[in-house]
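Take a look at the letters that make up each chain.
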Amino acid sequence: MAGPDNIIIGSHVWVEDPGLAWIDGEVIRINGNEVHVKTTNGKTVVTNISKAFPKDTEAPPGGVDDMTKLSYLHEPGVLQNLATRYELNEVYTYTGNILIAVNPFQRLPHLYDTHMMEQYKGATFGELSPHVFAVGDAAYRAMINEGKSNSILVSGESGAGKTETTKMLMRYLAFLGGRSGVEGHTVEQQVLESNPVLEAFGNAKTVRNNNSSRFGKFVEIQFDKSGRISGAAIRTYLLERSRVCQISDPERNYHCFYLLCAAPPEDIERYKLGSPKTFHYLNQSSCYELDGVNDAHEYLATRRAMDIVGINDEEQEAIFRVVAAILHLGNINFAKGKEIDSSVIKDEKSRFHLNMTAELLRCDAQSLEDALIKRVMVTPEEVITRTLDPENAVASRDALAKTVYSRLFDWLVDKINISIGQDPNSKSIIGVLDIYGFESFKCNSFEQFCINFTNEKLQQHFNQHVFKMEQEEYTKEEINWSYIEFVDNQDVLDLIEKKPGGIIALLDEACMFPKSTHETFAQKLYQTFKNNKRFIKPKLSRTDFTISHYAGEVTYQANQFLDKNKDYVVAEHQVLLTASKCSFVASLFPPLPEESSKSSKFSSIGSRFKLQLQSLMETLSVTEPHYIRCVKPNNVLKPTIFENSNVIQQLRCGGVLEAIRISCAGYPTRRTFYDFLIRFGLLAPDVLEGNYDDKVACQMILDKKGLKGYQIGKTKVFLRAGQMAELDARRAEVLGNAARTIQRQIRTYIARKEFISLRAAAVSLQSYLRGNKARKIYEELRREAGALNIQKNFRRYIDRKSYLAMRRSAITLQTGLRAMTARNEFRFRKQTKAAIILQAQWRCHEAYSYYNSLQKAVLVSQCGWRCRVARRELRKLKMAARETGALKAAKDKLEKRVEELTWRLQLEKRLRTDLEEAKAQEVAKLQDALHEMQLQVEEAKSMVIKEREAARKAIEEAPPVIKETPVIVQDTEKINSLTSEVEKLKALLLAEKQVAEEAKQAHTTVLAKNGELSKKLEDAEKKADQLQDSVQRLEEKRSSLESENQVLRQQALTMSPTGRALAARPKTTIIQRTPENGNVANEEIKRALPNITETEEKPQKSLNEKQQENQELLIKCISQDLGFSGGKPVAACLIYKCLLHWRSFEVERTSIFDRIIQTIGASIEVPDNNDLLSYWLSNSSTLLLLLQRTLKASGAASLTPQRRRSTSASLFGRMSQGLRGSPQSAGFSFLNGRVLGGLDDQRQVEAKYPALLFKQQLTAFLEKIYGMIRDNLKKEISPVLASCIQAPRTSRASLVKGRSQANAVAQQALIAHWQSIVKTSNNYLKTMRANYVPSFLVHKVFTQTFSFINVQLFNSLLLRRECCSFSNGEYVKAGLAELEQWCHEATEEFAGSAWDELKHIRQAVGFLVIHQKPKKTLKEITNDLCPVLSIQQLYRISTMYWDDKYGTHSVSSDVIASMRVMMTEDSNNAVSSSFLLDDDSSIPFSVDDISKSMQQIEVTEIDPPPPIRGNSGFTFLLQHPE
C-alpha cells in the first residue's frame, strides 16, 4: 500500500514477524528495495520494501471504533486496532457496517443489561459505541421503515462466541418486539428457552470450545405490521452425526448423554445407567466433566426449558428413554459365529445391554438382535437372509445409533417450531444465522468439507454485499467507481457443487456403485480436476486432495467421505422401530412406501445439504444482510490474551481481510473535508487563509501536492492506496522543518536568557557590596547616638524612681489611717440594720401564719356547704327532668352548676398553690436570716482575732520604758464587750432555730390538710362527671322527644285540615344567665315556659336546595382563574373556608369533594399549558397544607394512649370534648373562648371518610401536576442535550490566526445550546414564581431536571468515544458553568441542591480537562478528582479518552491494570458493574415534607371574589376577626 517513495529513513512501519504476525519498528536504512527496520523488541529485520506497511503514529491510543476510519487500512493496522481495543475490554469494532466481536472469555454484564438496551433503542447506527445491540437495532429499524426482511449472519470458528452473540441478538429483538404469549410464555421466551434444549442435544466439547455447536442454526423471527413478534421458526443444518459413535480425546460427546448420567437417582435406576466411563460411546475420551459446569443442575435446567417450549412430561420421558437406549446400544459387542462371516452377541453383559435397549425402545429383543446382525436381500426369485460379520455388525449398530439420534434431533426442532408457532400472515422477518466458521485442522473429513462449502457460499454473499456497500458509498458521494475490480470465488463453488462434474456430484456417483472405494473416488477427483487451479493433488498421498479456499488451502482426507455421505436407513432397522410399542419411537420412523421398504435406499447427505444451503441462500438473498464476525483471541480460552497469528487467521477465514481487499481495490482511505483539512491543512497554509469552500480547499491541497487518481465526493475525500502515506510523508517533512525552526528560536531564547541572567547577577553583586559598606558607616553613627540616648534616659529614671518611692510611702500611711476609721463606722451601721430586719421578718411571719389558718378554715367550710347545696340541687333536677317542658331550664341550671363548681375547684387549687408558695417563701426568708446571722458571728470572731493580733503587735513594737497598763485595760474592755455581744448573737440564733422548727411543724400540718382537700377535690370531680353524664342523657332524651313531636305534628297535618297551626314550630326562648351568679333560678324557668308560643312558619327553600346552590356557585367560581391575594391562592383559601364553614369535613356523605376533584382534573387536561399547571400546583399544595393542619382522623384511635388517658381522666378534658362535639351548646361559648383559646390557634376537625379520601385524591393530583411540569421541562431540554454533549466542529476560519471575530462568533455558537437550556429553565422558573408555587416544589422540579441532565450527558459521554476528548471536555465544562451561573442567579431558595445533582458529569468533565493524566495515581483519581464515579465508569472514561487538542495520553497503564483488577473483583463479588446511570422519575417528597416547608397561611385575610361577594350564602367570608 505504500510505495518506495513514501518510506524514508525514520519512518515507522509494520513488518512481518513469525511469532507476532506483525511487529512495528523504525526504518534505519534503505538499500534499493531492501529496508532495514529496528523493531520495538530490539531486533533488526531486513525485508523487501513492498512488504513494509506504514504505521499511523497519530492513531488514537484507544484505537478507533470503525476501522474504515484508519489512516492505513491494511492487515497490521486492523490487527493493532483490534488488539488495542481488546486490551481496554472494548470487544466490539466496526468495519463499515460489519461488526467484529472478539470473545472476552469473561462476563461483562454491564454491556448487556436492560439499561444498555434502552440506550441503543432507536439510536442511529454508528452513533454510539460498537455493540451487537446496534446491529440488531439497525436490522429492526430497516425492517420497520422499509418493510423488507432482514438477516443477521453470525459466523466464526468454534469458541469465538457465536452462540452467545446469537443469544444477545435474540434478547434484544425480544426487547424491541416482545409481547405476551397466549399460554403464559411469550414467543421470544420460547425462542430463547429453545437454546438450552438445542445446546443439550446439538452441542459438545471440542478441542477449541467447551460448548461448540455441532450444527448450523437459522432462527426466523416473524413480526406483524406493528413490529411485534408474532411467530418464529428454527431451521438446522448438518448435525454432526458421526460424533454419536466416534469421539477423540479430549473432546466429549453431545451434552445430553452426560446430563442423563447425572440425573436424579430415580431416573438413573429407571434407565439402568451409571457413570459415563461405563459406556462405549462416552469412554473413548478421557474428558467426562467440564470446568464450572454441574451436569446435574444442567439436567434439571434442560427439563425446565423443555417445559417452556411445550414438551410435556410424557414426551420428555420418551426422549431420555431414547437417549439411554443409544448409550446401551453402544455397549452391545459382537463375536464371530459358528458360520463363516457370521456374528453373535459377545457375552452376557452385551446381552443385558441388548435387552435394556429393546426395553427402552419398546421393541422385541430378538427382533433387535436380528436387525443388527442379519440382512434380508430380496431377489426376483426368493428372499435371502444373510448374517453379518462382527465388523459389519458394529457398523450396523453405529448406523442405528446415528439414525435414531438424528431423527430425535429433527423431532426436537420440529416440536420447538410447532410449540413456538409460526405466523403465516407475517410479511417481515429477521433471521439470525448461527453458523459454524471456516475450519482447517490436521485431519479434515467430510464434515469440514461441508462446513467450508457453506462458508464459501456465505463468503460469496458477503463479498457481494461488501461490494454493494462500496458501490452505495461511491454512488452516495457521486464519484466514479466503474473501474474497480471485484474478486469472486465462483470458481471454488463450481468446483464443489457444479452439476455434473462437481465434487459432490462425483461423490454421489461413487456412493451409488457398491464397488467404489475411497481410492477410486480420489483418483476420479485427480483426473477430473487436474487442470483446475483451485484443486491441488498432494504429492505423498493417494487419497487426500487440497482445495484453495478464500481463507487458504485445506487438505481433506477422503478415507470416510463415502461412508459419511450415505444416509440410507437400513430396512430392518426401519421395520423394527416402526413396529415399536412406544408411540414416540414409532413416530420417529414413519412407515416408508412399499416399494422402498424392502431394501435400503440410498440418500446423499451432500446433495441434501446442498439443497438446504441453496434454500438458505435464497432466504438470505431476499433479505437485507447484516454481518457479525466472531473472533476467538486465543486457544487457551482465557481473558486478556490476544494471539496475533490466531486472530489474523480468523480474520482471513471470516472474510474481513477479503472485505478490506475489496475496499483497497477502490479507495481504502476516506476522510471528511473537515478531518482532511485539520490533518493536512498545514501543507498549504495559503489555502486555509484564502477562505475557500472546504471541498475546493481539499482539492487545491491535493493538486498542489501532485496526487493523481483521488476522488472528491460530496462530503469526503477518497484516496487511493498509498496516497495517505505520501501525504503523511509530506506532512512529516513540513512538521520537521517547523520543529527545526522552533528549536532554533528556542536555542536563541535560551542563550539570551543566560546572558541576561549573568548581567543581572553582576549588577546585583555590585549593589550588594556598596550597600554593605554604607550599612557599616550607618551602624557606627547609630551606636553613638544610641549611647547618648541611653545615658540621658537612665539618669532620668533614677531621679524619678526616688521621687515615686517617697510619694508612695506617704500615700500608704494616709490610706491606713483613713481606712481604720471608715471600717469602725461601717461595722456599727451594719449591726444596727441587721437587728431591725430580723425584728420586721419575725413580726410579719406571725401575722401571716395566723391569716393562713383562718383562710383554710373558711375554705373548708365553704366547700362542705357548697357540696351539700349541689346534692340538694341535683335531686331537684332529677325531679324536674321528668317533665319535658323543663328540660331546657334544667340543662342550663346544671351547666351553670358545673361551671360554678369548676370555678370553685380552680379557685381552691389556686389558693392551695398560693399557700404552698407562701410557705416556701417564708422558709426561704428564715433560712436567709439564719445564714446572715452566721455570717455576722463569723465576722465578729474574725474582728476579735484581728484586734488581738493588732494589740499583740503594738505591745511588741512599743518601747520598754513606756508603761503599758492603760492600754491593757482598754483592750480588755473591748474583748469583754465583744464576748458579750457574741453571747447575745448565739441566744438570738437559738431563738431563730426554734422559730424554724415551729414553721416546719406548721408546714407539715398544712400538707396534711392539703391532702384532705385533694381527696375532697377528687370527689367533687367525680360528682361533676356524674352531672355531665346526666346532662348528656337529658340532652339525648330531649332530642328524641323533639323528633317524636315532629313526627306527630306531620301526622296531624296529614290527618287534620287545621293541622297547619299544630305543625308550626315553636320558637325557642333563650334565657340569659345573670352576670351576678351565672345561673338561672327555677322560678325564672317556670315563668319562661308559659311564654313559649307557636307561630306559623313562613315558606322557604329547604336547606339541601340552598346548600346545593352554594356548591354550584363555588364550583363555577373556582373553575375560573381567581388569581392570588397577598401571595396566597384565592381558590384554595376559598375552598377551604367554605368546606370548613359548611362542616363538610364532618359529614358521612357528600358530593362536594368529588366535584372539586373533577373541576381540578378538567382544568389540567391540557398537559402543555405550564402556566395553568403551575396555577393548580400552587392551589393544590396550599389546600393540601390547610387540610394537613386541620383534619384529624375521627375516633379515639387517632390519639396516643397517653393522651387518651389524660384527656378522659380530667374534668376539663371531658368538658372541652363535649363542647366541641355539640354545636347546639351556644351557652358555653364564653367558656370555649376563655378556656380553649389558649390551646390551639387553628381548630382541629375530626374528619370523616369522604374528607380523608378527598385529601388522598388531592395528594395524587398534586403529584400528577408536579410530574407533568417536570416531564414538560425534561421534554423541552431533551433535544438540546444531544448537542450539549459534543462540541460542534469549529469552522475552518477559526484555525487561522488573526480571526478574532470568527473565534468570538464560534464561541458564541458553542454555548448556544447551553443557553437554550438556561432560557428554558428561566421560563419555567418565572412561570412557577408568577403562580406562587411553593419554593420547596420549585426546588424539587429543578433538582430532578438537573439529575436528568446529569444522567443523559454522563451516559452519552460513556457511550460515544468522540465525546471523551479534551476539547469536548472544555466545551461541556463551559456549558456547565452556564448552568452554575443560572443556579446562582436563581438563588438557593429555588435552585437548592440542583447544582450538586450534576456531580457525575462535572467530575467526568473535570477528569477530561486535567493535564498530566499519566502522573495521576489511582488513589488521587478515586479520592480527589472523581470520588463519586465508580471504577467501571473511571475505566470506561480512561480507555475512551483521546486528546484532540494537545495530543497527550490518558492515565498510565498501571492505573488501567489496577482498575481492571478491581473490576474483576467486583464482578466476582456479584457487585453491579453497570457503568450507566438511571434516571429517577419518582415523586421525591411527601405531604409531611410540604407541610414542614411551607409557612402558616392566614385564610381570613383573603377577600372573596366578586361572583360570590354579594351572595347571602357566603356572608361568612366577609367576617374578619378583629
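Above this text sits the structure in question.
Residues numbered from 1 in each chain as written. Predicted model: local features only at pLDDT ≥ 70, side-chain atom pairs only at ≥ 80, totals over all residues. Heavy atoms only, no water.

Is there a simple way to think about the overall build of the protein chain in this case?
Looking only at helices and strands, the protein chain has 48 helices and 28 strands in total. Relative to its 1522 residues, the protein chain shows a buried fraction of 45%. Accessible surface computed for the protein chain: about 80,600 Å², of which carbon and sulfur atoms make up 53%. (Helix = DSSP H or I, 4+ residues; strand = E, 2+ residues; numbered from the N terminus. Buried < 20%, exposed > 50% of the residue type's maximum accessible area, 1.4 Å probe, protein only. Areas by Shrake-Rupley, 256 points an atom, 1.4 Å probe, with all protein chains shown as cover.)

In this structure, what is going on with unusual backbone geometry? I would like to understand it.
For residues besides glycine, phi is generally negative; the peptide bonds are generally trans as well. Backbone torsion omega between D249 and P250 reads 5 degrees, so that peptide bond is classified as cis. Along the chain, the position of P250 falls in the loop between β12 (229-237) and α6 (255-261). The linkage connecting K499 with the following residue, P500, adopts the cis geometry, with an omega of -5 degrees. Phi angles above zero are rare outside glycine, and K272 is one such case at about 55 degrees. Take K272: it is sitting in the loop between α7 (265-271) and α8 (295-308). Judged by its relative accessible area of 37%, K272 is partly exposed. Not every positive phi belongs to a glycine, and Y1332 is a case in point at roughly 55 degrees. Its location among the elements puts Y1332 in the loop between α40 (1312-1330) and α41 (1335-1359). Y1332 sits in the partly exposed class, given a relative accessible area of 43%.

Which parts of the structure should I look at to understand the packing of α40 against α41?
The contact between α40 and α41 brings their axes to 11 Å, and the two run at 160 degrees. Relative to α41, α40 is oriented roughly antiparallel. Judged by the twist between their axes, the crossing of α40 over α41 is right-handed. Across the interface between the two elements, W1314, I1317, S1321, Y1324, L1325 and M1328 from α40 touch V1338, V1341, F1342, I1349 and L1353 from α41. (Axes fitted to C-alpha atoms, helices over the stretch in contact; angles between N-to-C directions. Parallel < 35°, antiparallel > 145°, perpendicular 65-115°, else oblique. Left-handed = near helix turned anticlockwise from the far one by under 90°. Contact = heavy atoms within 4.5 Å.)

Please clarify how the nonpolar core should be interpreted in this entry.
Side chains of a nonpolar character, in soluble globular proteins, are inclined to be buried together. In this structure, F201, F257, I628 and L651 are the most contacted members of the largest nonpolar core, which totals 255 residues. Sequence-distant contacts of F257, that is, excluding residues within four places in its chain, are made with V244, L282, V323, I326, L327 and Y405. Within the second largest apolar cluster, 51 residues are counted, among which are L153, Y237, L493 and A659. (Core = buried A, V, L, I, M, F, W, Y, C linked by side-chain atoms within 4.5 Å.)

Sorry if this is basic, but what is going on with the sheet that holds strand β22 (residues 669-672) here?
Strand pairing in a sheet relies on backbone hydrogen bonds. The paired strands run either parallel or antiparallel. Strand order in this open sheet of 3 strands is β22-β24-β23, and the pairing throughout is antiparallel. Both outer strands of the open sheet, β22 and β23 (711-712), are each paired with one neighbouring strand and no more. Across 2 bridges, β23 lies against strand β24 (residues 716-719) in antiparallel orientation. Across the sheet, Q711 pairs through a bridge with F718, a residue of β24. The sheet contacts of helix α13 (residues 446-477) involve β22 and β24, and relative to β24 the element is tilted by about 130 degrees. (Pairing = 2+ DSSP bridges.)

Can you walk me through the pattern of salt bridges in this structure?
Close approach of charged atoms allows side chains of opposite charge to pair. Counting across every chain of the model gives 35 salt bridges. Here E199 ties to K167 by a salt bridge, and the two come within 3.1 Å at their closest N and O atoms. Of the two residues, E199 sits in helix α5 (residues 187-202) while K167 sits in helix α4 (residues 162-177), which places them 32 residues apart along the sequence. Judged by relative accessible area, E199 falls into the buried class, the value being 14%. Here R904 ties to E900 by a salt bridge, and the two come within 2.1 Å at their closest N and O atoms. Of this pair, R904 and E900 both sit in helix α27 (residues 887-957), 4 residues apart, which is roughly one turn of the helix. (Salt bridge = Lys/Arg side-chain N within 4 Å of Asp/Glu carboxyl O.)

Looking at this model, I keep getting lost on the packing of aromatic side chains. Mind explaining?
The description of two aromatic rings rests on the distance between their centres and on the angle between their planes. According to the stated counting rule, one finds 36 aromatic pairs in the structure shown. Each ring, one from F529 and one from F535, has its centre 5.5 Å from the other, and the planes form 45 degrees; the classification is tilted. There is no split in this pair, since F529 and F535 are both buried. Here a set of aromatic residues connected by ring pairs shows up, and it is made of F446, F449, F521, Y526, F529, F535, F545, Y556 and F561. Between R252 and the ring centre of Y258, over which it is positioned, the NZ or CZ distance is 3.9 Å. Its guanidinium or amino end placed over the ring of Y526, K537 lies 4.9 Å from that ring's centre, counting from NZ or CZ. (Phe/Tyr/Trp six-rings, centres within 6.5 Å; stacked < 30°, edge-to-face > 60°. Lys NZ or Arg CZ within 6 Å of the ring centre and 35° of its normal.)

Mind showing me how you'd approach a positive patch on the surface here?
A contiguous patch of positive charge on the surface is contributed by R868, R871, R872, R875, K876 and K1023. Per-element tally for the positive patch: the top contributor is helix α26 (residues 723-880), with 5 residues. Structurally, R875 can be placed in helix α26. Here R875 falls in the exposed class, since its relative accessible area comes to 53%. (Patch = residues over 30% accessible without salt bridge, like charges linked within 9 Å, V, L, I, M, F, W, Y side chains within 5 Å. Lys, Arg positive; Asp, Glu negative; His and termini not counted. Charge placed at Lys NZ, Arg CZ, Asp CG, Glu CD.)

Would you mind going over the sheet that holds strand β7 (residues 98-102) with me for this structure?
Pairing is mixed in the open sheet, where 7 strands are placed in the order β6-β7-β21-β8-β17-β11-β12. Looking at strand neighbours, the two that pair on one side only are β6 (92-95) and β12, the edges of this open sheet. Across this sheet, the average inter-strand angle for adjacent strands is 20 degrees, counted without regard to direction. Two elements, strand β8 (residues 150-155) and strand β21 (residues 624-631), share 6 bridges in a ladder whose sense is parallel. Its bridge partner being in β21, L153 is matched across the sheet by Y627. This element, α4, spans β8, β11 (216-223), β12, β17 (428-434) and β21 of the sheet and lies at about 160 degrees to β17.

Worth remembering: the numbers are spatial, not functional.
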